[in-house]
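Take a look at the letters that make up each chain.
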Amino acid sequence: MNGKWQKIVAEYLEAFAVAFILAFLIRAFVIQAFKIPSGSMLDTLQIGDHLLVNKFIYGLRIPFTDKFIVKFSDPKFQDIIVFEYPLDPSKDFIKRVIGLPGDKIQVINKIVYRNGKKLIEPYVKHTDPNIIPNRDNFGPITVPKGKYFVMGDNRDESYDSRFWGFVDRNKILGKAFIIYWSWQGFSNIRWNRIGKIIH
């Protein structure tokens, strides 16, 4: 009986160990969950949206470092990415890619121009009619090699590359791709957002 009990315990421990290792590998290399804490990406992403971030799409990183084992692709224009906040790497931010390496970015009276062309941005939200320097008139600047210029969709209430600069390629964690849960408490579960693809 004692031997049988030990065998059962060993089997459970083995199952837990395998599950833990698989969960670690999936989180480190494939998919990571992310919660939207602020309104900087309204109306595309709501406060309380829970997302899955594809970490595999841009490459494989050594866990707990910003060093890549292999890179598969680079972020594309208008991708919504999660990255380490440049001024505090312990925090993760989520924004939309507006400028790729080599792009010239300028903002004139809230309108964004990329390489001299006005961007058509149906996802953008403005809440303040006032024109404020740096926020609503910015640049022109050229995005350096290996860097990205990012902005929030809620342009008047987003703390982004206009204020703190570029995102380093190696600090980008992945691309947001689906909302798996959305709520603002038990009384406000947003069922219509669950399963929504992010773009």
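Everything discussed here concerns the structure shown above.
Just so we're clear, the structure is a prediction, and the values are computed from it rather than from any experiment. (Residues numbered from 1 in each chain as written. Predicted model: local features only at pLDDT ≥ 70, side-chain atom pairs only at ≥ 80, totals over all residues. Heavy atoms only, no water.)

### Quick word on the overall build of the protein
Of the regular secondary structure elements, the protein holds 2 helices and 13 strands. Residues counted as buried form 38% of the 199 residues belonging to the protein. Across the protein, the fraction of contacts at a sequence separation of at least 24, relative to all contacts at a separation of at least 6, is 59%. Element-wise, carbon and sulfur atoms account for 62% of the exposed surface of the protein, whose accessible area totals about 11300 Å². (Helix = DSSP H or I, 4+ residues; strand = E, 2+ residues; numbered from the N terminus. Buried < 20%, exposed > 50% of the residue type's maximum accessible area, 1.4 Å probe, protein only. Contact = heavy atoms within 4.5 Å. Areas by Shrake-Rupley, 256 points an atom, 1.4 Å probe, with all protein chains shown as cover.)

### Here we look at the pairing of strand β2 (residues 49-54)
Where strand β1 (residues 31-35) and β2 come together, 5 bridges link them in antiparallel fashion. In the strand pairing of β2, Phe34 is matched with Leu51. Pairing geometry for β2 and strand β13 (residues 172-182), over 6 bridges, is antiparallel. Bridge pairing links Asp49 to Ser182 in β13. (Pairing = 2+ DSSP bridges.)

### Focus on the sheet that holds strand β11 (residues 147-151)
Read across the open sheet, the 7 strands follow the order β1-β2-β13-β5-β6-β11-β12; overall the sheet is antiparallel. Sheet topology places β1 and β12 (167-168) at the edges, where each strand pairs with a single neighbour. Of the pairings in the sheet, the one linking β11 to β12 comprises 2 bridges and is antiparallel in character. The residue of β12 that forms the bridge with Tyr148 is Val167.

### A word on the sheet that holds strand β10 (residues 138-142)
The antiparallel open sheet is built from 4 strands, whose spatial order is β9-β8-β7-β10. Single-partner strands in this sheet number two, and they are β9 (117-118) and β10. Sheet topology places strand β8 (residues 111-114) next to β9; 2 bridges connect them, and they run antiparallel. Across the sheet, residue Arg114 finds its bridge partner in β9, namely Lys117.

### Points about the pairing of strand β4 (residues 68-71)
Across 3 bridges, the pairing between strand β3 (residues 59-61) and β4 is antiparallel. Bridge pairing links Arg61 to Phe68 in β4. The antiparallel pairing of β3 with β4 creates a hairpin that spans 6 residues between the two strands, and Phe64 there sits at a positive phi of about 70°.

### Topic: the packing of aromatic side chains
Throughout the structure, instances matching the rule amount to 13 aromatic pairs. Summarising the aromatic geometry, the rings of Phe83 and Phe93 are spaced 6.2 Å apart at their centres and angled 65° between planes, so their arrangement reads as edge-to-face. You can see Phe83 sitting in strand β5 (residues 80-84) and its partner Phe93 sitting in strand β6 (residues 92-99), a full 10 residues away along the chain. Note on Phe83: relative accessible area 0%, which makes it buried. Each residue in the set Phe83, Tyr85, Phe93, Tyr159, Phe163 and Trp164 is aromatic and connected to the rest through ring pairs, giving one cluster. Over the aromatic face of Tyr123 sits the side chain of Arg96, whose NZ or CZ is 3.7 Å from the ring centroid. One Lys or Arg, Arg114, reaches over the ring of Phe77 and ends 4.0 Å from the middle of that ring. (Phe/Tyr/Trp six-rings, centres within 6.5 Å; stacked < 30°, edge-to-face > 60°. Lys NZ or Arg CZ within 6 Å of the ring centre and 35° of its normal.)

These figures capture arrangement, not role.
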